Amino acid sequence: MPSVRFSSMHRDETRRRAATRTDVAKLAGVSSAVVSYVVNGGPRPVARDTQQRVLDAIQVLGYRPNASARALKLGSTNLIGIVAPMLSNPFYAEFIDQINIAASKRGHALLLTTTQGDPESERQIVTDLVNRGVDGLLFLVFLHDENLYSLRSPEIPRVLLDRSQPIPGFQTIGSGIIDGSRMATQYLLDHGATSVTLIAGELDAPRIDLRRIGWEQALHAAGIVVPEPYITTWDQKGGYHAAEHLLRLADRHHPLAIFAGSDLIAMGAVQAIHDMGLSIPDDVQIISFDGTSIARYSWPALTAVRHPFSAMAEAALNTVLDTKTDNGNQIFPMSLVTGFSCA
């Protein structure tokens, strides 16, 4: 039970209005400055018994610090705005989860918004985040209107994520997609594949799928004619239909080798392979791109190239909160996570 007690008249009075810092100070028998030190964790130390009296008074009165006033005083909201396209894709979900962990360690919270790929809502979303005075903006999305990346309040730091190539005027963070794709393709070739077919979704112009570049480089280096990639949608349904189509055309004397451009595409392909009564990896070898947790719980567990989500999240927070340093384009190498889908 709280050690601070006060009269019923005082209690009734504070129920009629929100408790203030002055109320807390009066009840705890301290100055308003001491209450501020306890609430804000400084800048001056407070004796343990005094701190406890303040905390008890806060609990009794139901005091809630005014976040807007505190942000005005400190010049910080301790909020990081993040714009993502969706949460249903495990790539975004896992990345955002790691960003949230990194932000929490630095005393910041995320203000998360999703565009759902709707150009009409993008401007409103970015405008709302800027108006809320966030300490920084992280873009985990390719906005249709590139001018929105710089919308108003240029003093708010902005970092573009999932960018594997430099973008003039911005600090960017991404994975080594070309190297990761080359590594994935080479892994299939090293395990007996005579060719590798890429299944991937379509990207809006002028974006280039760097997965395709790495895949082509590996096949060229091995002296193998590059087949046409199968372009589909970036989800399970797209992967299912692509694998189904490829398997109908496949030469049964040579196991089909598939490089799936995302874990979701890979999961759909795996389902199609099973539905056609075929075996992985005996009839079809498959390697996935992204390496999120769902790849480990496929059947069989997928071999995949994985993004360094934790390292990129740490870099994102360091970059957006350190306004004195321009880190340019930061690229993090991908890693191979072995499962049972290739050999």
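Residues numbered from 1 in each chain as written. Predicted model: local features only at pLDDT ≥ 70, side-chain atom pairs only at ≥ 80, totals over all residues. Heavy atoms only, no water.

Engineer: Mind laying out the overall build of the protein chain, listing which residues take part and the relevant values?
Structural biologist: Secondary structure assignment for the protein chain yields 13 helices and 12 strands. In the protein chain, the share of contacts with a sequence separation of at least 24, taken over all contacts with a separation of at least 6, comes to 68%. Just so you have it, the protein chain exposes about 17,400 Å², and 52% of that area is on carbon and sulfur atoms. (Helix = DSSP H or I, 4+ residues; strand = E, 2+ residues; numbered from the N terminus. Contact = heavy atoms within 4.5 Å. Areas by Shrake-Rupley, 256 points an atom, 1.4 Å probe, with all protein chains shown as cover.)

Engineer: Pulling in residues and values, what's your account of the sheet that holds strand S3 (residues 136–139)?
Structural biologist: Whether parallel or antiparallel, the strands of a sheet pair through hydrogen bonds between backbone atoms. The strand order across the open sheet formed by six strands is S2-S1-S3-S4-S5-S11, and the pairing between neighbours is parallel. The sheet terminates laterally at strand S2 (109–114) and strand S11 (329–332), the two strands that pair on one side only. Shown here is a sheet whose adjacent strand axes are inclined to one another by a mean of 20 degrees, direction ignored. Examined bridge by bridge, S3 and strand S4 (residues 158–161) share three bridges and lie parallel to one another. Looking at S4, one finds that Phe139 is bridged to Leu160. (Pairing = 2+ DSSP bridges. Axes fitted to C-alpha atoms, helices over the stretch in contact; angles between N-to-C directions.)

Engineer: Describe the packing of aromatic side chains, and please don't skip the residues or the numbers.
Structural biologist: The description of an aromatic ring pair rests on the distance of the ring centres and on the angle between the ring planes. Scanning all chains against the criterion turns up seven aromatic pairs. An aromatic cluster is built from Phe91, Tyr92, Phe95 and Phe309, whose rings are joined through pairwise contacts. In this arrangement the basic side chain of Arg163 is found over the ring face of Phe142, its NZ or CZ atom lying 3.8 Å from the centre. Across the ring face of Phe142, the terminal group of Arg207 is positioned such that the distance to the ring centre comes to 3.7 Å. (Phe/Tyr/Trp six-rings, centres within 6.5 Å; stacked < 30°, edge-to-face > 60°. Lys NZ or Arg CZ within 6 Å of the ring centre and 35° of its normal.)

Engineer: Give a description of the packing of helix H10 (residues 236–249) against helix H11 (residues 263–275) that names residues and reports values.
Structural biologist: It is at 6 Å that the axes of H10 and H11 come closest, and there the two elements cross at 45 degrees. Classified by the angle between their axes, H10 and H11 sit oblique to one another. You can see that H10 and H11 cross each other, and the crossing is right-handed. For the pair H10 and H11, the contacting residues are Gln236, Gly239, Tyr240, Ala243, Glu244 and Leu247 in the first and Leu264, Ile265, Met267, Gly268, Ala269, Gln271, Ala272, Ile273 and Asp275 in the second. (Parallel < 35°, antiparallel > 145°, perpendicular 65-115°, else oblique. Left-handed = near helix turned anticlockwise from the far one by under 90°.)

Engineer: Describe the pairing of strand S9 (residues 284–290), with residues and values.
Structural biologist: The buried fraction of S9 is high, at seven of seven residues. In this structure, strand S8 (residues 256–260) lies alongside S9, joined through five bridges in parallel fashion. Residue pairing across strands places Ala260 opposite Ser288, the latter belonging to S9. Since S8 and S9 lie parallel, the crossover through H11 that links them has a hand, and here it is right-handed. Direction of pairing for S9 relative to strand S10 (residues 303–306): parallel, over a ladder of four bridges. For Ser288, the partnering residue across the bridge sits in S10 and is Ala304. (Buried < 20%, exposed > 50% of the residue type's maximum accessible area, 1.4 Å probe, protein only. Right-handed = clockwise from strand over helix to strand, strands pointing away.)

Engineer: Which residues make up the environment of Ser288, and what are the values?
Structural biologist: Inspection of the secondary structure assignment puts Ser288 in strand S9. Assessed through its relative accessible area of 0%, Ser288 is described here as buried.

Engineer: So what's going on with the layout of surface pockets? Which residues, and what values?
Structural biologist: The calculated volume of the largest pocket comes to roughly 1,200 Å³. Taken together, 40 residues make up the lining of the largest pocket; nearest its centre are Val141, Phe142, Asp162, Leu203 and Arg207. Where the lining of the largest pocket is concerned, the elements lending two or more residues are helix H6 (90–105), helix H9 (210–221) and S9. For the lining of the largest pocket, the residue count by class is 21 nonpolar, nine polar and 10 charged. (1 Å grid on protein atoms, 1.4 Å probe; cavity = no way out; pocket = protein on both sides within 12 Å on 5 of 7 lines; lining within 4 Å. Points joined across faces, edges and corners; volume = space filled by probe spheres on them. Nonpolar A, V, L, I, M, F, W, Y, C, P; charged D, E, K, R; others polar.)

Engineer: How would you sum up the nonpolar core? Please name residues and give values.
Structural biologist: Core analysis: the biggest nonpolar cluster contains 24 residues, and Phe95, Ile99, Leu138, Leu161, Ile173 and Leu317 have the highest contact counts within it. Mapped onto this core, the elements with two or more residues apiece are strand S1 (79–84), H6, S4 and helix H13 (309–321). One finds Leu247, Ala272, Ile280 and Leu302 within the second-largest nonpolar core, a separate group that totals 21 residues. (Core = buried A, V, L, I, M, F, W, Y, C linked by side-chain atoms within 4.5 Å.)

Engineer: So what's going on with the sheet that holds strand S7 (residues 230–232)? Which residues, and what values?
Structural biologist: Spatially, six strands are ordered S7-S6-S8-S9-S10-S12 in an open sheet, and the strand pairing comes out mixed. With partners counted over all chains shown, the strands left at the sheet margins are S7 and strand S12 (335–337), one partner each. Averaged over all neighbouring strand pairs, the angle between strand axes comes to 20 degrees, with direction disregarded. Pairing of strand S6 (residues 197–201) with S7, which is carried by three bridges, proceeds in the parallel orientation.

Engineer: Could you give an account of the packing of helix H2 (residues 21–28) against helix H4 (residues 48–61), naming the residues involved and the relevant values?
Structural biologist: As a packed pair, H2 and H4 sit with axes 9 Å apart at the nearest point and diverge in direction by 125 degrees. The pairing of H2 with H4 is recorded here as oblique in orientation. Crossing angle aside, the handedness with which H2 passes H4 is right-handed. The residues of H4 that touch H2, namely those facing Asp23, Val24, Leu27 and Ala28, are Arg53, Val54, Ala57, Ile58, Val60 and Leu61.

Engineer: An account of helix H7 (residues 119–131) is requested, with residue identities and associated values reported.
Structural biologist: Between its first and last C-alpha, H7 extends 19 Å over 13 residues, near the 18 Å set by a 1.5 Å rise per residue. Its buried side turned inward, H7 meets S1, S2, S3 and S4. At the N-terminal boundary of H7, the capping side chain belongs to Asp118, with an oxygen 3.1 Å from the backbone nitrogen of Glu120. Positioned one or two residues after H7, Gly133 has a phi angle of 70 degrees, which is positive. (Expected span 1.5 Å × (residues − 1). Polar contact = N/O pair within 3.5 Å; in protein donor to acceptor, adjacent residues only side chain to side chain.)

Engineer: A description of H13 should follow, citing residues and the corresponding values.
Structural biologist: With 13 residues, H13 extends 18 Å between its outermost C-alpha atoms, agreeing within 8% with the 18 Å of an ideal straight helix rising 1.5 Å per residue. Turning to H13, its buried residues are Phe309, Met312, Ala313, Ala315, Ala316, Leu317, Thr319 and Val320.

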